[in-house]
Amino acid sequence: MKISNWMLAGFAIAVSLTVMVEGQTGTGTAPQAKQSAPTAATQPAGPLQLQNMGETPKTDPFPPVNPKFFTADSPSVDTVNAFLKSLWGYDPNRIWRVEAIQKTMAPGLSKVVVFVSDKTPGAKVQPTAFIVTPDGKHAIAGDAVIPFGATPFADLRKMLQDRADGATRGATGKELMLVEFADLQCPHCKEAQGTMDQLVKDFPNARMVFQSFPIVDLHPYAFKAAAYGYCVQKQKNDSYFVYSAAVFDAQGALTPETGDETLKNAVTKAGLDPAAVDSCAATPATKAQVDASIKLAQDAGVEQTPMLAVNGHLLPLSGVPYETLKKIITYQAALDGVNTGSSGTAAAANVPSSLIK
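Per chain, residues are indexed from 1 in the order of the written sequence. Confidence filtering applies because this is a predicted model: local features only for residues at pLDDT of at least 70, side-chain atom pairs given and counted only at 80 or more, and all residues used for totals across whole chains, interfaces and linings. Only heavy atoms go into the side-chain values, all of them from the structure, while hydrogens and water stay out.

1. As for the pairing of strand E11 (residues 313–316)
Side chains of E11 alternate between two faces, with His313 and Leu315 and Leu314 and Pro316 buried alike. Sheet topology note: the strand E10 (residues 307–310)/E11 ladder contains 4 bridges and is antiparallel. Bridge pairing links Val310 to His313 in E11. Whether two strands pair depends on DSSP finding at least two bridges between them. Only DSSP runs of H or I with at least four residues qualify as helices, and only runs of E with at least two residues qualify as strands; both kinds are numbered from the N terminus onward. The antiparallel hairpin formed by E10 and E11 contains 2 residues in its connecting segment, where Asn311 sits at a positive phi of about 50 degrees. Exposed residues in this analysis have more than 50% of their type's maximum accessible area, buried residues have under 20%, and partly exposed residues fall in between, with area computed by a 1.4 Å probe over protein chains only.

Take a look at the structure:
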């Protein structure tokens, strides 16, 4: 369930970054820029060749790079390319070139212009732009703020390794963590559980975490359902998933008239005492744990559910084709030097051999 108009959230940012360059078309015209010649300090710091994740196309669809469009001291071309490879590298058909890194009227803010296409003959060239903040740690595209840098997901990965405390499935280690932010009263979260069940099977080395993010303004019973869930988890981790499945199955009954009974029935199906869980859920300690889980989601930049963090890379679960999701997970694991435990997936074929550990 979306809770804001984050038009370029997660997957949309990662796949297209569709903010158009002012005054540009898809015809490959040079980006607008100041006409003053760049100094040595502002010359592009890295290679300006076409970037791709596989065999180079026979023809280069992009215009040559003009150094006069590189007026900002940072970020470097190498950093921008590393950032884009983190986002787009799972797709061997995608190609791009950094065409400009420019100063803006706001001190420290740099505008990056990238031309993007694919290897299909006659594919359209799409100009794209985003702003990089002075600290070099964030990019702004439209109304979305996302992590930026050569390893843009590393900080969130570490945060989730330290703070994610939801029920877990799969591996015990935290080298490959798939953290699902979900709301037990959210219809889209219910629909996503089949995807999560399949990911458990396809990625044996992944630690799957169900992290509660009750959207209380939309779902009145979500907070209590999350509190019950933590109390179930405290008694027996594996019972949580029996409980959550039962809640999702009876989601329509989470009403003022039948909500309490629905949650207690779910606890019973999990093989636990509903009276004990109800008492536990009412304690300040449990309520504080749910509040902390909400705070974690907010600190992570999660603005919709269900959202999946793949070693810190946030992806909306709704609407992402499963095979694409597998490719992204496989690629991110390779970037992080982690073996997924998956045997012979098609996604592995898209991972450069230099990344496989």
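Now that the structure has been shown, the text picks up again.
2. Description of the state of the cysteines
Here, two cysteine sulfur atoms that lie within 2.5 Å of each other are counted as a disulfide. For the structure on display, the rule yields 1 disulfide. Shown here is the disulfide that connects Cys231 with Cys280, its sulfur atoms set 2.1 Å apart. Across the S-S bond linking Cys231 and Cys280, the dihedral sits near -85 degrees, which makes this disulfide left-handed. Placement of the pair is Cys231 in helix H5 (residues 222–235) and Cys280 in helix H8 (residues 274–281), with a sequence separation of 49 residues.

3. With respect to the pairing of E10
Residues Met307 and Ala309 line one face of E10 and the alternating positions Leu308 and Val310 line the opposite face, and both faces are buried. Here 4 bridges tie strand E8 (residues 177–182) to E10, and the two strands are oriented antiparallel to one another. Residue pairing across strands places Phe181 opposite Met307, the latter belonging to E10.

4. Regarding unusual backbone geometry
For the peptide bond that leads from Ser74 to Pro75, omega is 0 degrees, which places it in the cis range. By the secondary structure assignment, Pro75 is in the loop between strand E1 (51–52) and helix H2 (77–88). Here the amide bond leading from Thr305 into Pro306 is cis, since omega sits at 0 degrees, within 30 degrees of zero. Structurally, Pro306 is set in the loop between helix H9 (284–299) and E10.

5. Some details on the environment of Phe83
Among the structural elements, Phe83 can be located in helix H2. The exposure class of Phe83 is buried, given its relative accessible area of 1%. The contact definition used throughout considers only heavy atoms, calling two residues in contact when any of these lie within 4.5 Å. Among residues more than four places away in sequence, those in contact with Phe83 are Phe130, Ile146, Pro147, Phe148, Gly149, Ala150 and Pro152.

6. Remarks on the packing of H5 against helix H7 (residues 259–269)
Here an angle of 0 to 180 degrees is reported between the N-to-C directions of two axes, which are lines fitted to C-alpha atoms, with helices fitted over the stretch in contact. Remark: H5 packs on H7, axes separated minimally by 11 Å, with the N-to-C direction vectors making an angle of 20 degrees. Taken as axis vectors, H5 and H7 run roughly parallel relative to one another. Classified by chirality, the crossing of H7 by H5 is right-handed. Each of Lys224, Ala225, Tyr228 and Val232 in H5 lies in contact with H7, whose residues at this interface are Asp260, Leu263, Lys264 and Val267. For this classification, under 35 degrees means roughly parallel, over 145 means roughly antiparallel, 65 to 115 means roughly perpendicular, and everything else is oblique. Left-handed describes a crossing whose near helix is turned anticlockwise from the far helix by less than a right angle; the clockwise case is right-handed.

7. Some details on H7
Burial in H7 covers these residues: Gly259, Thr262, Leu263, Ala266 and Val267. For H7, the angular spread of the buried residues around the axis is 140 degrees, confining them to a single face. Buried positions along H7 lie against H5, helix H6 (239–249) and H8. Phi turns positive, to about 85 degrees, at Gly271, one or two residues after H7. The arc refers to the directions leading from the helix axis to the C-beta atoms.

8. Quick notes on the sheet that holds strand E9 (residues 207–212)
Taken in spatial order, the 5 strands of this open sheet run E7-E9-E8-E10-E11, and their pairing is mixed. The strands lining the two open edges of the sheet, one partner per strand, are strand E7 (167–170) and E11. Taken pair by pair, the neighbouring strands of this sheet meet at an average axis angle of 20 degrees, ignoring direction.

9. Remarks on the side chain of Ser244
Along the chain, Ser244 falls in helix H6. Any N or O atom pair separated by 3.5 Å or less is treated as a polar contact, with the protein-specific requirement of one donor-capable and one acceptor-capable atom, and with residues adjacent in sequence counted only for side-chain atom pairs. A distance of 3.3 Å separates the side chain of Ser244 from the backbone oxygen of Phe241, its partner in a polar contact.

10. Thoughts on the sheet that holds strand E6 (residues 144–147)
One open sheet holds the 6 strands; their spatial order is E1-E2-E3-E4-E5-E6, and the pairing between them is antiparallel. Edge positions in the sheet fall to E1 and E6, since each of these pairs with one other strand and no more. Sheet analysis places strand E2 (residues 94–103) next to strand E3 (residues 110–118), joined by 9 bridges and oriented antiparallel. Note on E3: the bridge partner recorded for Ile101 is Val112.

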